[in-house]
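# Observations on the model geometry
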Amino acid sequence: MTPVIHGESLARDLRRDHGFVHVGRTRDGNAVVMRKRGRWTVVPLRWLTEEAVQTIKAQAGIGLV
């Protein structure tokens, strides 16, 4: 079974561990918009597979360890 994480947890981790700032939500309320300096990312507020989490982190410029 593929591990999953909820988008709210990912957004919390991005704030706490990587210095992203919560800017707001999308109009439909299904995602949060975050930024860190000139880099922006959108985190869906739903259950995400590990692959989706890694993709979002890569797009946010967070190096994979």
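Higher on the page you've got the structure.
Everything in this summary refers to the structure shown in the same document.

The terminal C-alpha atoms of helix 1 (residues 7-18) lie 15 Å apart, and with 12 residues this matches the ideal 16 Å at 1.5 Å per residue to within 8%. Among the residues making up helix 1, those that are buried are Gly7, Leu10, Ala11 and Leu14. In an axial view of helix 1, the angular spread of the buried residues amounts to 100°, which keeps them on one side of the axis. Residues of helix 1 that are buried make contact with strand 1 (4-6), strand 3 (31-36), strand 4 (39-44), strand 5 (47-49) and helix 2 (50-59).

A separate point is the pattern of salt bridges. For side chains bearing opposite charge, pairing can occur when the charged atoms are close. By the definition in use, this model includes two salt bridges. Across the pair Asp13 and Arg16 runs a salt bridge, and its minimum N-O distance is 2.8 Å. Remark: Arg16 and Asp13 occur in helix 1; sequence separation between them is three residues, near one turn of the helix. The class of Asp13 is partly exposed, set by a relative accessible area of 21%. Ionic pairing is found between Arg16 and Asp17, a salt bridge with its closest N-O pair at 3.0 Å. Looking at Arg16, the relative accessible area reads 56%, which means it is exposed.

This part covers the sheet that holds strand 4. Within a beta sheet, neighbouring strands are joined by backbone hydrogen bonds and run either parallel or antiparallel to one another. Taken in spatial order, the three strands of this open sheet run 2-3-4, and their pairing is antiparallel. What marks the edges here is a single partner per strand, and that holds for strand 2 (21-25) and strand 4. Each strand axis lies, on average, 30° off the axis of its neighbour in the sheet, ignoring direction. Sheet topology note: the strand 3/strand 4 ladder contains six bridges and is antiparallel. Along strand 4, the bridge assignment pairs Val32 with Val43. In the packing of helix 1 onto the sheet, the strands contacted are strand 2, strand 3 and strand 4, and the crossing angle to strand 4 comes to about 150°.

A word on the environment of Val4. In this structure, Val4 sits in strand 1. Since its relative accessible area comes to 49%, Val4 is described here as partly exposed. Along the backbone, Val4 and Thr49 are 45 residues apart, and their C-alpha atoms lie at a distance of 4.5 Å. Leaving out residues up to four positions away in the same chain, Val4 has contacts with Trp47, Leu48 and Thr49.

What counts, and where the lines are drawn
Residues numbered from 1 in each chain as written. Predicted model: local features only at pLDDT ≥ 70, side-chain atom pairs only at ≥ 80, totals over all residues. Heavy atoms only, no water. Helix = DSSP H or I, 4+ residues; strand = E, 2+ residues; numbered from the N terminus. Expected span 1.5 Å × (residues − 1). Buried < 20%, exposed > 50% of the residue type's maximum accessible area, 1.4 Å probe, protein only. Arc of directions from axis to C-beta. Contact = heavy atoms within 4.5 Å. Salt bridge = Lys/Arg side-chain N within 4 Å of Asp/Glu carboxyl O. Pairing = 2+ DSSP bridges. Axes fitted to C-alpha atoms, helices over the stretch in contact; angles between N-to-C directions.

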